[in-house]
Amino acid sequence: MLDWQQQQTFSINGMTITVISPGIIRVFQDRGYSVHSKAIAALPWEKTVVNVTRGKEVTELRTDTLVLKLDEEGHVDVYDVAGNPLAVDYRGKRAPQGLDKVDQEHRKLVAGEGHSLGAQAPQEAAITVIKQLTPTVHFYGLGDKTGYLDKRGYAYDNWNVDFSAPQLEIQPNLYKSIPVMFSLDHGHPVGLFFDNPSRSHFDFGRENPAYYYYSADEGNLDYYILGGATLKEVVANYTRLTGYTPLPQKWTLGYQQSRWGYSRSATEMMAVADGLTKHKIPCDAIHLDIDYMDGYRDFTWDQEKYPEGPRKFVAAMKRKGYRLVTIIDAGVKKDEQYSVYKEGEEHHYFIRNHDGSPYVNTVWPGDAVFPDFGNPVVRQWWGRKQRFLTDLGIAGTWNDMNEPASFNGPLPLDLECTDEDTTVPQRQVHNVYGHNMSRATYEGIKDATGLRPFVITRAAYAGTQKYSTVWTGDNRSIWPHLQWAIPQLCNLGLSGFPFCGTDIGGFASDTTPELLVRWIEAALFSPLYRNHSELGTRHQEPWAFDDQTLRIYRQYVRLRYRFIPYLYDLFAQHQKTGLPVMRPVILNYPDDERAANLNDEYMVGDDLLVAPVVVKAQRRRLVYLPAGEWVDFWNNREYAGNQDIVVDAPLERLPLFVRKNAVIPWGRVTMHVAATPDKQMRFRVFGNNGTTVHYQDNGRDFKYQKGEYNLYQVTVTAGQATVKLKHHGYAPCYQEVAVETMMGVQRFRYAGQEQYVAVKEEVENEE
Ligand code: MIG
């Protein structure tokens, strides 16, 4: 620690309080557990003025963002600088109200009929942080939890599980553990991030309306208080702490087609590609689920199903225009003839029983062992294995079953695992298993290709966003799962994951044409835009139904390509702002109570407001428009904000509104995201005064980090447009730019030297 960092560190009442920056303060108490943070790569230290007042009973620490009051009993009370309470310790003890104490015998009785009782956190936990609950506070974050946007009144567990039964709004835990919560009370925001990967629990007033609490079964007391004037600033501080999602390759924002079963044969894969081409559905990647492997062995390819071998197959698909993404499971087949198993076994790379032998459970390949991803050497080894895929030309790795999932009961909690340099019981690193696997995958692909790795993972921990995009696992083709996709993805976005998506159409059960259509509409701006379904369910390719379904589905996938430059701009902005792409309305309008628990609308950046139909048979809906002025995307009709309007939403209509005067880059519709730099760009202005900064780079590698990118400033004043190249670090730049205001189109030509000049003549070759 540097001198000035030391000066920002205080030892008070047995806790170490570290002021990382004005808006990020760490509270730490060593309980003898590992101090390797998995979530935080490097603390975002900032030299900070800290005013310390030591009173008789209370010590006060004050930055220009946060005020902490610490008393001798160990309370930590958090205020903003104006004196608004943000998180004040509850002075009483936990006192569950209206919750039955159920003895073992009655639990058994209830379970006997198939009912299960909800999560019950132990009364006495190793770590408890308990805060006063006011009647007006809202809670957000927590990653992939099901249910509604505002978590108040619910309780959750942080314990990664493979959950295949239909998810309900009361499900306490799914695949990811992201122990960050944001609260907002009358517009006053604060975040608490508990950097402890062991099993933990949140209760937001379910147990007792007087308090909310976090508790953990073990681990150090280690949490960060995140402050800021607005919810955006608080979320930004969380991302600053746990890391940004690096820019994705541009094609990853295109449509993707998947289904468990396609990869059973080269012929079936080809048929999917041909279906997309024939029906003119733009698509950038087709996914290969587990069947392409040889007996479900990771990093192998079934030669019988692919008689010409994988290399020729991948090349043939590429010629058709399709990239391929392959699944990789966490469980490695126990097979003495299989090199991955043999190497791992020889070097003790797998999770161990107490006698040092590899622990065996059952997954797809039968007997399987589990790489010990907490070991840096194992991560490097796994990373090098990615070359099997990248050498074939595979464009991305989809990591599955990494909670880890196992068919023969869960992994015993005390198995021996590695945590960087020490051996720990499995339960202490369980929640970071998928995180470490993603990290290994990301680093391996980056080494092998130099490109921005495309990794998708099901299990994750806080900070996994640095390595991987996520999908929400096995949802179902039911309307509630379409409804919950909105709050679930919005909360994932607030929890540091801008790149996320659900299985469009629903994974399990049979979809219907109406559900599929509403899903492709609702997910239009979901960063990961992938249709995926389960083996044995009704096929849900858009052409598997009637003409109307196909036509509407195609219309939306094509519209998606129009918005790719806008989405890409938001990912570029995320590198600086730390804000999500798809976001709840409350993030942009934190003082608006109407937005606090708005579950059926979302925003994309600051400019688009999306109000999908997520109810069966609904053909009109109420849309809440927050403050400001809004333009209906479909007919340019203008509305004042702060009101509810009723809009028509026939099956083919996604209600979509644009912030008045927003300037939106408007991409071309192509079958695949172009590999060559665009020569033209169009901007649509929803008003007559507006400005935007638009980002362009090669969309592939990391050269942008060395300044190889362009920034265009497009400004419209009283209907007159100007275009400027603000930053010219990437050699190719648009030769032609069109700016479409509500009054007409103005055209510009690049005249060299970062200047664009207006031209009169019609530009050719324009979509
Ligand atoms: O439990 O590989 O969530 O997307 O298709 C089944 C087969 C294992 C679970 C994943 C799903 C994938 C499926 N996998």
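Just above sits the structure.
For the structure given in this document, a descriptive report is provided here.

Calculation criteria
- Residues numbered from 1 in each chain as written.
- Predicted model: local features only at pLDDT ≥ 70, side-chain atom pairs only at ≥ 80, totals over all residues.
- Heavy atoms only, no water.
- Helix = DSSP H or I, 4+ residues; strand = E, 2+ residues; numbered from the N terminus.
- Rg over C-alpha atoms; globule rule 2.2 N^0.38 Å.
- Buried < 20%, exposed > 50% of the residue type's maximum accessible area, 1.4 Å probe, protein only.
- Contact = heavy atoms within 4.5 Å.
- Areas by Shrake-Rupley, 256 points an atom, 1.4 Å probe, with all protein chains shown as cover.
- Lys, Arg positive; Asp, Glu negative; His and termini not counted.
- Charge placed at Lys NZ, Arg CZ, Asp CG, Glu CD.
- Salt bridge = Lys/Arg side-chain N within 4 Å of Asp/Glu carboxyl O.
- Near = heavy atom within 4 Å.
- Polar contact = N/O pair within 3.5 Å; in protein donor to acceptor, adjacent residues only side chain to side chain.
- Nonpolar A, V, L, I, M, F, W, Y, C, P; charged D, E, K, R; others polar.
- Pairing = 2+ DSSP bridges.
- Axes fitted to C-alpha atoms, helices over the stretch in contact; angles between N-to-C directions.
- Phe/Tyr/Trp six-rings, centres within 6.5 Å; stacked < 30°, edge-to-face > 60°.
- Lys NZ or Arg CZ within 6 Å of the ring centre and 35° of its normal.
- Disulfide = S-S within 2.5 Å.

Helix and strand counts for the chain stand at 14 helices and 48 strands. Radius of gyration (C-alpha) of the chain: 26 Å, near the 27 Å computed for a compact globule of 767 residues. Burial analysis of the chain (767 residues in total) assigns 62% to the buried set. Once local pairs closer than 6 in sequence are excluded, the contacts in the chain between residues at least 24 apart make up 69%. Of the roughly 29,000 Å² that the chain leaves accessible, carbon and sulfur atoms contribute 49%. If you average the places of the 82 positive and of the 94 negative side-chain charges in the chain, the two averages end up 5 Å apart.

With that settled, consider the pattern of salt bridges. Tallied over the entire structure, the rule returns 41 salt bridges. Two residues, Asp-77 and Arg-91, come together in a salt bridge whose shortest N-O distance is 2.9 Å. With a gap of 14 residues between them, Asp-77 in strand β7 (residues 76-80) and Arg-91 in the loop between β8 (85-87) and α2 (104-112) connect regions that are remote in the sequence. One salt bridge in this structure joins Arg-659 and Asp-607, with 2.9 Å as the shortest N-O distance. Taken together, the positions of Arg-659 in strand β40 (residues 656-659) and Asp-607 in the loop between β34 (602-604) and β35 (608-610) put the pair 52 residues apart, joining distant regions of the chain. Residue classification places Arg-659 among the partly exposed residues on the basis of a relative accessible area of 29%. Via salt bridges that share partners, Asp-162, Asp-400, Glu-403, Arg-458 and Asp-474 belong to a single interconnected network.

What surrounds the ligand is a group of 13 residues, the closest being Asp-289, Asp-400, Arg-458, Asp-474 and His-532. In this structure, an oxygen atom belonging to the ligand sits 2.4 Å away from a side-chain N or O atom of Asp-474. For the ligand, the accessible surface in isolation is 350 Å², of which the surrounding protein chains cover 94%. Along the lines of polarity and charge, the residues of the shell around the ligand split into eight nonpolar, one polar and four charged.

As a further point, take the sheet that holds strand β11 (residues 155-158). Read across the open sheet, the four strands follow the order β9-β16-β15-β11; overall the sheet is antiparallel. The two strands at the open ends of the sheet, each matched to only one other strand, are β9 (127-132) and β11. Sheet twist, expressed as the average angle between the axes of neighbouring strands with direction ignored, equals 10 degrees. Pairing of β11 with strand β15 (residues 200-203), which is carried by four bridges, proceeds in the antiparallel orientation. Across the sheet, residue Asp-157 finds its bridge partner in β15, namely His-201.

Time to look at the packing of aromatic side chains. One pass over the structure, following the stated rule, counts 52 aromatic pairs. Taking 5.8 Å as the distance between ring centres and 75 degrees as the angle between the ring planes, the aromatic pair formed by Tyr-255 and Tyr-529 counts as edge-to-face. One end of the pair, Tyr-255, is in strand β18 (residues 255-257); the other, Tyr-529, is in strand β32 (residues 529-531), with 274 residues separating them in the sequence. Its relative accessible area of 0% is what places Tyr-255 among the buried residues. Here Phe-454 and Phe-499 contribute two aromatic rings whose centre-to-centre distance is 6.1 Å and whose plane-to-plane angle is 35 degrees, an arrangement assigned as tilted. Here Phe-454 is found in the loop between α10 (433-449) and β27 (455-457), whereas its partner Phe-499 is found in the loop between α11 (479-494) and β30 (500-501), with 45 residues between them in sequence. Each member of the aromatic cluster is reached from another via a ring pair, and the members are Phe-299, Tyr-341, Tyr-349, Phe-350, Phe-373, Trp-381, Trp-382 and Tyr-433. For Lys-250, the ring lying beneath its charged end belongs to Tyr-568, and the centroid distance is 5.7 Å. A cation sits over an aromatic face here: Arg-530 above Trp-471, 5.4 Å from the ring centre.

Looking now at the sheet that holds strand β22 (residues 361-363). If you trace the three strands from one edge of the open sheet to the other, you get β21-β23-β22, paired in antiparallel fashion. Every interior strand has two partners, whereas the edge strands, β21 (332-333) and β22, have only one.

For the rest of this paragraph, the subject is the state of the cysteines. Enumeration over the complete set of coordinates arrives at zero disulfides. In this structure Cys-490 is a free cysteine whose sulfur lies 8.4 Å from that of Cys-500, the closest cysteine sulfur available.

Before going further, it helps to spend a moment on helix α12 (residues 513-522). Of all the ten residues making up α12, nine are buried; the element is thus mostly covered by neighbouring parts of the structure. Where the residues of α12 are buried, they touch β18, α11, β31 (503-504), β32, α13 (547-577) and β34.

Here the amide bond leading from Glu-403 into Pro-404 is cis, since omega sits at -5 degrees, within 30 degrees of zero. With respect to the helices and strands, the residue Pro-404 is situated in the loop between β24 (396-400) and β25 (416-419). Of note in this structure, His-348 is not a glycine but carries a positive phi near 60 degrees. For Ala-617, which is not glycine, the phi dihedral falls at a positive 70 degrees. Residue placement: Ala-617 occurs in the loop between β35 and β36 (620-625). Its relative accessible area of 54% is what places Ala-617 among the exposed residues.

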